[in-house]
Amino acid sequence: MNKKQLEIKQIFPIETNTYLKDGFIITDEIKPKGTYFPPHSHDHFELELISDGLVEHIYNDTLYIDKKGSIHIFTYNDIHSLKMLEDTRIIKIRFDPNFLQPQLTGFLLIPTICPMCRFDEKDLAYAVHQAEIIKSEQENEPDFYDIRTKHLISDIIIMILRYSDISSFSLPSDAIQ
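None of the values given here were measured: they were computed from a predicted structure. (Residues numbered from 1 in each chain as written. Predicted model: local features only at pLDDT ≥ 70, side-chain atom pairs only at ≥ 80, totals over all residues. Heavy atoms only, no water.)

Asks: Explain the nonpolar core to me, please; I cannot follow it from the model alone.
Replies: Within soluble globular proteins, side chains that are nonpolar generally end up buried alongside one another. In terms of nonpolar packing, the biggest core is built from 32 residues, with Leu47, Phe95 and Ile157 touching the most fellow members. Elements represented by at least two residues in this core include exactly strand E2 (24-31), strand E4 (45-52), strand E7 (70-74), strand E9 (88-95), helix H2 (102-108), helix H3 (121-140) and helix H4 (145-163). A per-element tally of this core places H4 first, with seven residues. Excluding anything up to four places from it in sequence, Leu47 contacts Ile71, His72, Ile73, Ile91, Lys92, Ile93, Phe95, Ile156, Ile157 and Ile160. Counting six residues, the second-largest nonpolar core is a separate cluster that includes Ile50, Leu82, Met84 and Ile90. (Core = buried A, V, L, I, M, F, W, Y, C linked by side-chain atoms within 4.5 Å. Buried < 20%, exposed > 50% of the residue type's maximum accessible area, 1.4 Å probe, protein only. Helix = DSSP H or I, 4+ residues; strand = E, 2+ residues; numbered from the N terminus. Contact = heavy atoms within 4.5 Å.)

Shown next as structure tokens:
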């Protein structure tokens, strides 16, 4: 483990099957019923995909019941908590704001945007497959893996934004360009 990975490990509670590199961390785990994450925020972005199960999720003081296909993107300082109401498979991708293209980061930082949706079966299968490729790419480090993983994560985020019906929003003139 290099110094950068050690520093990240001390900041984030790293679980088994975690891949640290290149500005992002991905986990794919089954959390047992009753698992609880108390209210917290992050200093990074986090994408959470419920691949299977049922979760009580409080996001910025609003209660959601998330089930298979539910997906959220949290920006830094969003406050959220989770309680698994069933055994739940949850895929998390945590990433630095500078990891994405500036236009995409700027859009995610618009205060009125709350990127969340529920994928249908086809798009859920696609997103899960993309996440599995991201894990494999980072684990095996084939040529150009860093470029490919950025592309795959951006692709999932764009799917979420399109599902979230954010078409009425535009990038403010003072957003990160």
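Having seen it, we continue.
Asks: Please explain the environment of His44 as it appears in this structure.
Replies: Note on placement: His44 falls in the loop between strand E3 (36-40) and E4. Exposure remark for His44: the relative accessible area of 5% places this residue in the buried category. Note: C-alpha distance between His44 and Phe24 (20 residues apart in sequence) is 9.4 Å. One polar contact links His44 to His42, side chain to side chain, over a distance of 3.5 Å. A polar contact is formed between the side chain of His44 and the side chain of Asp43, at a distance of 3.2 Å. (Polar contact = N/O pair within 3.5 Å; in protein donor to acceptor, adjacent residues only side chain to side chain.)

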